[in-house]
Structure formats: C-alpha cells, structure tokens
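Commentary on secondary and tertiary structure
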Amino acid sequence: MTDAAARDNEPKIDAEEILDGILEWVEMETPTYHGDKVNLLADRIQGQWEAQGCGVERIPGRGGFGDHLLARSPDWEEGKPCLLVLSHMDTVHPLGTKDEANPIRREGDSVFGPGIYDMKAGAHLPYYAYRHLKRLGHGTKLPVSFLFVSEEEVGSPTSREVIEREAKKARYVLVTEPARDGGKIVTARKGVGRFEMRITGRPSHSGAQHQEGRSAVKELAHQILEIEGFTDYARGVTTNVGMVKAGTGVNVVPREAYAEIDLRVVSAEDGEEMVAKILNRVPRDPDVTIEITGGMNRPPYERSDAIMALFDKAKICADAAGFELETTPLTGGGSDGNFSAALGVPMPLGELLQDQLRQAMAAGYEDLDWSAVTRIAARAAGLPVG
Ligand SMILES: [Zn+2]
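Residues numbered from 1 in each chain as written. Predicted model: local features only at pLDDT ≥ 70, side-chain atom pairs only at ≥ 80, totals over all residues.

Another aspect to go through is the overall build of the protein. Looking only at helices and strands, one finds 11 helices and 15 strands in the protein. Taken over 386 residues, the protein has a buried fraction of 44%. If you take every contact in the protein between residues at least 6 apart in sequence, the share linking residues at least 24 apart comes to 76%. (Helix = DSSP H or I, 4+ residues; strand = E, 2+ residues; numbered from the N terminus. Buried ≥ 20, exposed ≤ 12 C-beta atoms within 10 Å, placed from the backbone. Contact = placed C-beta atoms within 7 Å.)

Once that is clear, we can look at the confidence of the model for the protein. When the pLDDT values of the protein are averaged, the result is 84; 83% of them are 70 or greater. Within the model, the stretch residues 347–378 combines pLDDT values under 50 with 120 contacts to residues more than four positions away or in other chains. Low pLDDT (under 50) marks residues 381–386, which in the prediction has 12 contacts with non-local residues, meaning those over four places away or in another chain. (pLDDT = per-residue confidence, 0-100.)

As a further point, take the sheet that holds strand β2 (residues 68–72). With mixed pairing, the 5 strands of this open sheet are ordered in space as β1-β2-β6-β3-β7. Each having just a single partner strand, β1 (55–59) and β7 (170–175) make up the two edges of the open sheet. Each strand of the sheet is rotated relative to its neighbour by a mean of 20 degrees, with strand direction disregarded. Against the sheet, helix α4 (residues 116–135) engages β3 (82–88) and β6 (144–149), with an angle of about 150 degrees to β3. Along the sheet, helix α5 (residues 160–168) makes contact with β1, β2, β3, β6 and β7, crossing β6 at roughly 170 degrees. (Pairing = 2+ DSSP bridges. Axes fitted to C-alpha atoms, helices over the stretch in contact; angles between N-to-C directions.)

The next thing to look at is the pairing of β2. Most of β2 sits inside the fold, with 5 of its 5 residues counted as buried. Burial along β2 is two-sided: the face carrying His 68, Leu 70 and Arg 72 and the face carrying Leu 69 and Ala 71 are both buried. Sheet topology note: the β1/β2 ladder contains 5 bridges and is antiparallel. Bridged to Val 56 within β2 is Ala 71.

Let's shift gears to the pairing of β3. Burial runs high along β3: 7 of the 7 residues are buried. On β3, burial covers both faces: Cys 82, Leu 84, Leu 86 and His 88 on one face and Leu 83, Val 85 and Ser 87 on the other are all buried. As defined by bridge partners, β3 adjoins β7 across 5 bridges and the pair is classed as parallel. Paired with Leu 86 across the strands is Val 175, a residue of β7.

Here we take up the sheet that holds strand β12 (residues 256–265). Strand order in the open sheet made by the 4 strands is β10-β12-β8-β13, with antiparallel pairing throughout. Since the sheet does not close on itself, it has two edges, and those belong to β10 (238–246) and β13 (289–298), each with one partner. With direction set aside, neighbouring strand axes in the sheet form an average angle of 15 degrees. Both β10 and β12 contribute to a ladder of 8 bridges, which runs antiparallel.

Turning our eyes to something else, we now look at the nonpolar core. Leu 83, Leu 84, Leu 86, Leu 147, Phe 148 and Val 173 are the most contacted members of the largest nonpolar core, which totals 42 residues. Elements supplying a minimum of two residues to this core: α2 (15–27), α3 (35–51), β2, β3, α4, β6, α5 and β7. Contact partners of Leu 84, with chain neighbours within four places excluded, come to Ser 145, Leu 147, Glu 166, Ala 167, Ala 170 and Val 173. Among the nonpolar cores identified, the runner-up in size contains 17 residues, and Val 192, Ile 199, Ala 259 and Leu 263 belong to it. (Core = buried A, V, L, I, M, F, W, Y, C linked by C-beta atoms within 7 Å.)

The subject of this paragraph is α5. Because the α-helix completes a turn every 3.6 residues, residues three or four places apart line up on one side. Within the span of α5, buried status applies to Ile 163, Glu 166 and Ala 167. Seen end-on, α5 carries its buried residues on one side only, within an arc spanning 100 degrees. Seen from the open side of α5, the exposed residues pointing more than 90 degrees away from its buried face are Glu 161, Arg 165 and Lys 168. (Arc of directions from axis to C-beta.)

Within the element layout of this structure, Glu 153 appears in the loop between β6 and α5. With 120 residues separating them in the primary sequence, Glu 153 and Tyr 33 have C-alpha atoms 9.7 Å apart. Apart from residues lying up to four places away in sequence, Glu 153 is in contact with Thr 32, His 88, Asp 90, Thr 91 and Val 92.

Orientation of α2 relative to α4, taken along the N-to-C sense of each, is 130 degrees, at an axis distance of 9 Å. The angle between α2 and α4 places the two elements in the oblique class. Considering the relative orientation of α2 and α4, their crossing is right-handed. Mapping the contact onto sequence places Ile 18, Gly 21, Ile 22, Trp 25 and Val 26 in α2 and Ile 116, Lys 120, Ala 121, His 124 and Tyr 128 in α4. Of the residues in the contact of α2 with α4, the class split is 7 nonpolar, 2 polar and 1 charged. (Parallel < 35°, antiparallel > 145°, perpendicular 65-115°, else oblique. Left-handed = near helix turned anticlockwise from the far one by under 90°. Nonpolar A, V, L, I, M, F, W, Y, C, P; charged D, E, K, R; others polar.)

α4 sits mainly inside the fold: 14 of its 20 residues count as buried. Positioned one or two residues after α4, Gly 137 has a phi angle of 85 degrees, which is positive.

Moving on, we get to the environment of Thr 248. Position of Thr 248 relative to the elements: it lies in the loop between β10 and β11 (252–253). Residues Thr 248 and Pro 203, 45 residues apart in the sequence, show an inter-C-alpha distance of 9.7 Å.

As a further point, take the environment of Tyr 33. Relative to the helices and strands, Tyr 33 resides in the loop between α2 and α3. According to the C-beta neighbour criterion, Tyr 33 is partly exposed, with 16 such atoms within 10 Å. In this structure the C-alpha to C-alpha distance between Tyr 33 and Pro 94, which are 61 residues apart in sequence, comes to 9.2 Å.

Set out below in structure tokens:
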C-alpha cells in the first residue's frame, strides 16, 4: 500500500462526530447548584475516559456540588512531568434552558445550546483529540491529566485545592475556556474579588418619626458611589456593585441594606490594595453600622515571560498550520487558569490547543451560546479557517 493509500484509510477528524459528542454533553444540563445533574454528566465522562484506558479518580463533591473527575493517561506517574488539561462540567444556565430560552439547534454553521460555548465544546475536544490519537495508534508526548471540576462558575470553592495540587505536578496547563473575538487566545486574566456588604441603620415610620430613623439605604447609596469610584480603567481596576437588596416598605426608614460587589485587578499588589480599601468602609452616618466580608477569590493570572515564551512557540505551530495566532490584550474574566498561573505554571499552550481547537470559532452571548461546527472541525484538524 502506498503512503497516500494508507493515509486514506486512517480515521479522519469528523465534524459531525465531534458535534454529536459535544451535543450529548450539552443535552445533559448542568447548572452548578444541581450537583445531582452535574454528577450525571460526570458519570458519562468517567465512562468515556475509562473506555480510553485511562484511570479515573472521582473526588466526591462537597456542599451540594457535584463530584470532580481526574482522568489520567496510562503513562502518568507521580513525580513525572505531565500536562494538565483543566475543564469544568457546570454551566450558568438554569435547568430547562434547552427547552425554552436556548433550544439546542443548528442554524447554518452555528449550533446553539446552553453551555456549548462555556464550556461543553471546549471540555469535549480534548477527549475527542485523545481518542483520535489513540485510534491512530499515537500517544501523547507527555503524560496527561484531565481534570473536570463541578463548580467553576461559582469560583471553584471545593475544587481549588485539587486544581492547585494537580497544577503543581504539571509542566503546562491547558484550560479549555473560550477564546475571544476572532479566535484570540487568552494569555493573561484579571484577578477577581467578591464582597458582601450589610448595612444596619435604625427603622422608623417615615411619616410620624422620620427624624428617629437612620436609613440603611441612604448609607448604601453613599457606599455604592465610593466603591464604584475606585474604578480606574487606566490601571485595569474595576469595581461593580452588582446586586442590592433593601427596605421593607415605602413608608419605613429602612433598617437593612445589602450589596454584593465584584472587583477586578491586573496585579496581585493592586488586589491587596483594593481589598483593603473595600473592606475598610467607614459609614457616613455614625449611627449606622457596616459589616463587609470577602476578598480575592481568584488571583490575577499575569502574563509572565514563561507564558509568552510558550505563546511564541504556539504561534509558530499555528503558522505552520496556516492560521495566525493572536492573543487578547487582557481579559477581565477569571477562570480556573488563574489558580494554576498564580503557581507559576505556564498556560498559553492550553489556550492554543484548547481555545484554537474548540472555541477559536465560537462565541457566547448570555444564553445564546453557539459553536461553529465546520470551523471547530477545521481547527481540530489544524487547517486554516477563513
Ligand atoms: Zn467557563
């Protein structure tokens, strides 16, 4: 048989096969707080990896969250350098999204469904890639650990320790989060802080005893303006008071007010400074008390020399495959990559493989997640995509 004929007989990367695999995972809706639903997907993923000859460790979920899965290639050994591929199984979309808000459907080259963009498609592609390598009779250059966590969308409260432990063992970490506009990969991310603020004033009737009251809402209004005033786009610092709750009636001076605050920073130093500023709230009204809790929930993932060295290598590989690899300036969204990058493990190869393969050609807008089928396949095959 000629070489060409032999190649003709090789299994091919098949867009429809990839899509079927992705959609099977999308069909299984996995909102973070439904641990039982996430576990159904975990069952499926565990079975699929075991069928590829990989050992799968199942780490029981805590606090109502689903289990985490750690699949390892058969050549993985403790203490040997390896690659870590990091994905999450949960999505932000409530149960039933596929029945109403965003039915699973194909429109031309786009496929819609809850969580297909973030990140069922990305989580599935490494599985397809590994299976494809196996059926071609190839292995991977480095042993691989594939970690699937159950609660990334709420800040990985139970998986963080697992992520950090496994990232320390890895030479590279590939995170299967989406690429950005035009397929640009992510080589740095802002750190994320979260805070809860409770303000307690003194209630009174707004008609009969207005002067006796101390309004928690009025204090909240001052605090919101102060906290939002910390935003400094030039420094890459943003604050957002994204949720507020207060009041019991229109004729009652409100006793309580509550707010949730989101912070984004570029550097660890900025994080420390901003956390101190936000925690150190002094009420304008001395008769009102403020209780505020929180802090950084993901450290910034800074663009180190090691990351850029990897990006440069990845760019050469991409050039050879006929497409230009670009990086984003800086993304405000945090991911589990922040944990591994903070440990000094280079990331962008993952962004290359992951984001290029799976999401270079996808976009997500709230519940209108979509992935472009033929482009995914082209990327997966290392082909130029117009
Ligand atoms: Zn994600």
